[in-house]
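Structural characterization, general
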Amino acid sequence: MRKHLRTTLPLTLAALFHTAFVGADHLGLTVWVFPHDELADISNEQLKTDYFDDWLTEMGQITKSPIELQFRREAPGLTDLDYRSMSGNHALSVWADASGAWRRRQNSPGGMARYLLLVREPLDEAGTTLGLAHQTGTVAIASIRSYATPGHELGHTFSATHEASEVLFNGWFCETYMFPTRLNVRSNCYRYSDANRDNIATYLRRLQH
């Protein structure tokens, strides 16, 4: 079964650099995860274990700096977003507006923050679009249908691209986080390609200047 992970803006080709780490003492990076109300049966701890621990480990290798993960539940206007009644792009636009308003009410929490709506279902009727994000933006939506989707969509917000993704071999063929069309016969690598590691590191260095 094929699963598509898409971004809403054009992607650029990966640029290769010699170093894959940011080298900052502290980025002040916070990822705010808003589990949709439909995920009330899954605890924050389980979501973190299943969908974020591997990604946090990978990002730690890239940034050499801690990333704070914060969960927010039962937030009216945010975690009850009726995303199934909208097109994926419309849902992402509504999420961007709602999370932006929340951020302003909270006095802009976090330094370089990202805002992820975690949902149960795909974002299209065909069941093939598991997530959407603005390339180098601050917002994303990800379905829990694939364990790699949150890392994929967050990768877009940090400048990772589909074009720089790879299929690797770690005892079996696996797809790096940014692989655009997933095949169930292959596993998840739970890491970015070396080129996307460089993309992320370079993007974060630029944000610091």
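Counting starts from 1 at the beginning of each chain's written sequence and moves along it residue by residue. Reporting of local features is limited, given that this is a predicted model, to residues whose pLDDT is at least 70; pairs of side-chain atoms are given and counted only at 80 or more, and all residues count toward the totals for whole chains, interfaces and linings. Side-chain numbers come from the whole structure's heavy atoms, not from hydrogens or water.

A few words on the nonpolar core. Here, nonpolar core refers to any group of buried Ala, Val, Leu, Ile, Met, Phe, Trp, Tyr and Cys residues whose side-chain atoms link them within 4.5 Å. Note on exposure labels: buried denotes an accessible area under 20% of the residue type's maximum, exposed denotes more than 50%, and partly exposed covers the range between, all computed with a 1.4 Å probe on protein chains only. Counting residues in each nonpolar core, the largest one holds 33 residues, and the members touching the most others are Phe52, Trp55, Met59, Leu118, Phe158, Tyr192 and Ile200. Contributing elements (two or more residues each) for this core: strand 2 (29–35), helix 1 (44–63), strand 3 (67–71), strand 4 (112–119), strand 6 (139–143) and helix 4 (194–207). Numbered from the N terminus, helices here are DSSP runs of H or I no shorter than four residues, and strands are runs of E no shorter than two. Sorting elements by how many residues they give to this core places helix 1 first, with seven residues. Here, two residues are considered to be in contact whenever any of their heavy atoms come within 4.5 Å of each other. Ignoring anything within four residues of it in the chain, the contact list for Trp55 reads Val31, Gly151, Leu154, Phe158, Tyr177 and Tyr192. Within the second largest apolar cluster, 20 residues are counted, among which are Leu92, Leu117, Val139 and Ile141.

Let us now look at unusual backbone geometry. A positive phi is found at Lys64, a non-glycine position, where the angle reads about 55°. Residue position: Lys64 is located in the loop between helix 1 and strand 3. The partly exposed category is assigned to Lys64, whose relative accessible area is 45%. Positive phi is not limited to glycine here, since Glu74 has a value of about 50°. Here Glu74 shows up in the loop between strand 3 and helix 2 (88–105). Judged by its relative accessible area of 70%, Glu74 is exposed.

Shape is all these values report; function is a separate question.
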